[in-house]
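Here is how the chains run, residue by residue.
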Amino acid sequence: MRMLTLGAALVMMTSAAMTCSAKADDDNAKGAQKLAMQGRDDYWHCLAREYSRDSNQGLSEQEFGRSVAGACPSERQYYRVALLDYLTTQYPNIDSGAHLATANRAVESAQKDIVTAYLKHRPPQK
(Lines give C-alpha, C1' and ligand atoms only; values in the text may rest on other atoms or scores of the structure.)
Protein backbone atom coordinates (compact mmCIF):
# COMPACT_ATOMS: atom_id res chain seq x y z
CA MET A 1 0.00 0.00 0.00
CA ARG A 2 2.84 2.34 0.87
CA MET A 3 4.44 1.80 -2.52
CA LEU A 4 1.28 2.96 -4.27
CA THR A 5 1.40 6.26 -2.43
CA LEU A 6 5.13 6.65 -2.89
CA GLY A 7 4.97 5.93 -6.58
CA ALA A 8 2.07 8.27 -7.23
CA ALA A 9 4.27 11.19 -8.24
CA LEU A 10 6.24 9.15 -10.76
CA VAL A 11 3.11 7.45 -12.04
CA MET A 12 1.42 10.81 -12.61
CA MET A 13 4.53 12.26 -14.25
CA THR A 14 4.96 9.30 -16.56
CA SER A 15 1.24 8.99 -17.26
CA ALA A 16 0.98 12.68 -18.11
CA ALA A 17 3.88 12.37 -20.54
CA MET A 18 2.25 9.32 -22.07
CA THR A 19 -1.26 10.73 -22.43
CA CYS A 20 -0.44 14.18 -23.82
CA SER A 21 -0.44 13.18 -27.44
CA ALA A 22 -1.95 14.94 -30.41
CA LYS A 23 -3.05 11.72 -32.09
CA ALA A 24 -3.54 8.69 -29.82
CA ASP A 25 -5.36 6.72 -32.51
CA ASP A 26 -2.15 5.43 -34.03
CA ASP A 27 -1.70 1.73 -33.23
CA ASN A 28 2.07 2.09 -32.87
CA ALA A 29 1.66 4.90 -30.36
CA LYS A 30 -0.90 2.92 -28.37
CA GLY A 31 1.33 -0.13 -28.34
CA ALA A 32 4.35 1.93 -27.32
CA GLN A 33 2.34 3.60 -24.56
CA LYS A 34 1.13 0.26 -23.23
CA LEU A 35 4.68 -1.13 -23.19
CA ALA A 36 6.03 1.97 -21.44
CA MET A 37 3.35 1.75 -18.76
CA GLN A 38 4.01 -1.95 -18.30
CA GLY A 39 7.73 -1.24 -18.02
CA ARG A 40 7.07 1.43 -15.41
CA ASP A 41 4.86 -0.90 -13.39
CA ASP A 42 7.36 -3.78 -13.57
CA TYR A 43 10.20 -1.52 -12.47
CA TRP A 44 8.20 -0.13 -9.55
CA HIS A 45 7.20 -3.62 -8.42
CA CYS A 46 10.84 -4.69 -8.50
CA LEU A 47 11.89 -1.60 -6.52
CA ALA A 48 9.15 -2.38 -4.00
CA ARG A 49 10.61 -5.86 -3.54
CA GLU A 50 14.06 -4.31 -3.04
CA TYR A 51 12.62 -1.88 -0.50
CA SER A 52 11.07 -4.74 1.44
CA ARG A 53 14.14 -7.00 1.59
CA ASP A 54 15.20 -7.75 5.16
CA SER A 55 18.86 -7.47 4.17
CA ASN A 56 18.37 -3.77 3.43
CA GLN A 57 17.15 -2.90 6.92
CA GLY A 58 19.63 -0.77 8.82
CA LEU A 59 21.51 0.45 5.75
CA SER A 60 22.53 4.08 5.54
CA GLU A 61 21.03 6.34 2.91
CA GLN A 62 24.12 5.98 0.73
CA GLU A 63 24.23 2.20 1.10
CA PHE A 64 20.55 1.81 0.29
CA GLY A 65 20.89 4.24 -2.62
CA ARG A 66 23.71 2.12 -4.09
CA SER A 67 21.66 -1.01 -3.53
CA VAL A 68 18.66 0.48 -5.36
CA ALA A 69 20.84 1.84 -8.19
CA GLY A 70 22.13 -1.67 -8.85
CA ALA A 71 18.83 -3.45 -8.34
CA CYS A 72 16.42 -4.58 -11.04
CA PRO A 73 18.75 -4.11 -14.03
CA SER A 74 16.53 -5.83 -16.58
CA GLU A 75 13.35 -4.07 -15.41
CA ARG A 76 15.15 -0.72 -15.33
CA GLN A 77 16.50 -1.17 -18.85
CA TYR A 78 13.16 -2.37 -20.20
CA TYR A 79 11.41 0.67 -18.70
CA ARG A 80 14.03 3.03 -20.11
CA VAL A 81 13.85 1.51 -23.61
CA ALA A 82 10.04 1.30 -23.65
CA LEU A 83 9.70 4.92 -22.53
CA LEU A 84 12.30 6.00 -25.08
CA ASP A 85 10.39 4.16 -27.81
CA TYR A 86 7.14 5.77 -26.75
CA LEU A 87 8.62 9.27 -26.68
CA THR A 88 10.23 8.74 -30.07
CA THR A 89 6.91 7.54 -31.50
CA GLN A 90 4.97 10.46 -30.04
CA TYR A 91 7.54 13.17 -30.72
CA PRO A 92 9.58 12.11 -33.75
CA ASN A 93 10.88 15.64 -34.43
CA ILE A 94 12.58 15.95 -31.05
CA ASP A 95 16.21 14.91 -30.79
CA SER A 96 16.64 11.33 -29.54
CA GLY A 97 19.13 12.57 -26.95
CA ALA A 98 16.38 14.61 -25.32
CA HIS A 99 14.15 11.54 -25.20
CA LEU A 100 16.95 9.49 -23.65
CA ALA A 101 17.52 12.19 -21.04
CA THR A 102 13.80 12.15 -20.20
CA ALA A 103 13.78 8.36 -19.87
CA ASN A 104 16.88 8.47 -17.67
CA ARG A 105 15.27 11.13 -15.45
CA ALA A 106 12.19 8.91 -15.03
CA VAL A 107 14.41 6.02 -13.87
CA GLU A 108 16.39 8.30 -11.54
CA SER A 109 13.16 9.70 -10.13
CA ALA A 110 11.90 6.21 -9.31
CA GLN A 111 15.17 5.41 -7.55
CA LYS A 112 15.12 8.69 -5.64
CA ASP A 113 11.52 8.12 -4.55
CA ILE A 114 12.28 4.65 -3.21
CA VAL A 115 15.29 5.97 -1.25
CA THR A 116 13.17 8.79 0.17
CA ALA A 117 10.52 6.30 1.25
CA TYR A 118 13.19 4.14 2.85
CA LEU A 119 14.52 7.08 4.84
CA LYS A 120 11.06 8.13 6.01
CA HIS A 121 10.02 4.67 7.13
CA ARG A 122 13.13 3.11 8.57
CA PRO A 123 13.23 2.53 12.31
CA PRO A 124 14.98 5.20 14.40
CA GLN A 125 18.69 4.74 15.05
CA LYS A 126 19.47 3.34 18.53
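Residues numbered from 1 in each chain as written. Predicted model: local features only at pLDDT ≥ 70, side-chain atom pairs only at ≥ 80, totals over all residues. Heavy atoms only, no water.

1. Examining the confidence of the model for the protein
Confidence in the prediction for the protein averages 82 pLDDT; 75% of positions are at 70 or higher. Here helix α1 (residues 2-6) stands out as the least confident element of the protein, with mean pLDDT 48; helix α5 (residues 73-90) is the most confident, with 96. Here residues 20-25 is a poorly scored stretch, pLDDT under 50, and it has six contacts once near neighbours within four places are set aside; other chains count. (pLDDT = per-residue confidence, 0-100. Helix = DSSP H or I, 4+ residues; strand = E, 2+ residues; numbered from the N terminus. Contact = heavy atoms within 4.5 Å.)

2. Observations concerning the environment of Trp44
Mapped onto the elements, Trp44 comes out in helix α3 (residues 27-52). A relative accessible area of 8% places Trp44 in the buried class. (Buried < 20%, exposed > 50% of the residue type's maximum accessible area, 1.4 Å probe, protein only.)

3. Here we look at the pattern of salt bridges
Scanning the model with the defined rule gives three salt bridges in all. Residue Asp41 is joined to Arg40 by a salt bridge in which the shortest nitrogen-to-oxygen separation is 2.9 Å. The salt bridge partner of Glu50 is Arg53, with a shortest N-O separation of 3.3 Å. A relative accessible area of 8% places Glu50 in the buried class. (Salt bridge = Lys/Arg side-chain N within 4 Å of Asp/Glu carboxyl O.)

4. Considerations on the packing of aromatic side chains
Inspection of every chain in the model, using the stated rule, returns two aromatic pairs. Measuring from centroid to centroid gives 3.9 Å for Phe64 and Tyr118, while their planes differ by 10°, and the two rings are stacked. Residue Phe64 is found in helix α4 (residues 61-70), and its partner Tyr118 is found in helix α6 (residues 96-121); the two are separated by 54 residues along the sequence. Accessibility expressed as a relative area gives 2% for Tyr118, which makes it buried. (Phe/Tyr/Trp six-rings, centres within 6.5 Å; stacked < 30°, edge-to-face > 60°.)

5. Quick word on the nonpolar core
Core analysis: the largest hydrophobic core is formed by 25 residues, its most contacted members being Tyr43, Leu47, Phe64, Leu83 and Ile114. Of all elements in the fold, only α3, α4, α5 and α6 reach the threshold of two or more residues within this core. The element best represented in this core is α6, accounting for eight residues. If near-sequence neighbours (up to four positions away) are discounted, Leu47 is found in contact with Val68, Cys72, Ala110, Gln111 and Ile114. (Core = buried A, V, L, I, M, F, W, Y, C linked by side-chain atoms within 4.5 Å.)

6. A closer look at the packing of α3 against α5
Closest axis-to-axis distance for the α3/α5 pair is 8 Å, and the angle between their directions is 155°. The angle between α3 and α5 places the two elements in the roughly antiparallel class. The hand of the α3/α5 crossing is left-handed. For the pair α3 and α5, the contacting residues are Asn28, Ala29, Ala32, Gln33, Leu35, Ala36, Gly39, Arg40, Asp42, Tyr43, Cys46 and Arg49 in the first and Glu75, Arg76, Tyr78, Tyr79, Ala82, Leu83, Asp85, Tyr86, Thr89 and Gln90 in the second. Across the contact of α3 with α5, the residue classes tally to eleven nonpolar, five polar and six charged. (Axes fitted to C-alpha atoms, helices over the stretch in contact; angles between N-to-C directions. Parallel < 35°, antiparallel > 145°, perpendicular 65-115°, else oblique. Left-handed = near helix turned anticlockwise from the far one by under 90°. Nonpolar A, V, L, I, M, F, W, Y, C, P; charged D, E, K, R; others polar.)

7. Here we look at the packing of α3 against α6
Two numbers describe how α3 lies on α6: the axes approach to 11 Å, and their chain directions differ by 30°. The angle between α3 and α6 places the two elements in the roughly parallel class. The way α3 lies across α6 gives a crossing that is right-handed. Seen from α3, the contacting residues are Tyr43, Trp44, Leu47, Ala48 and Tyr51; seen from α6, they are Val107, Ala110, Gln111, Asp113, Ile114, Ala117, Tyr118 and His121. Of the residues belonging to the contact of α3 with α6, the class tally is ten nonpolar, two polar and one charged.

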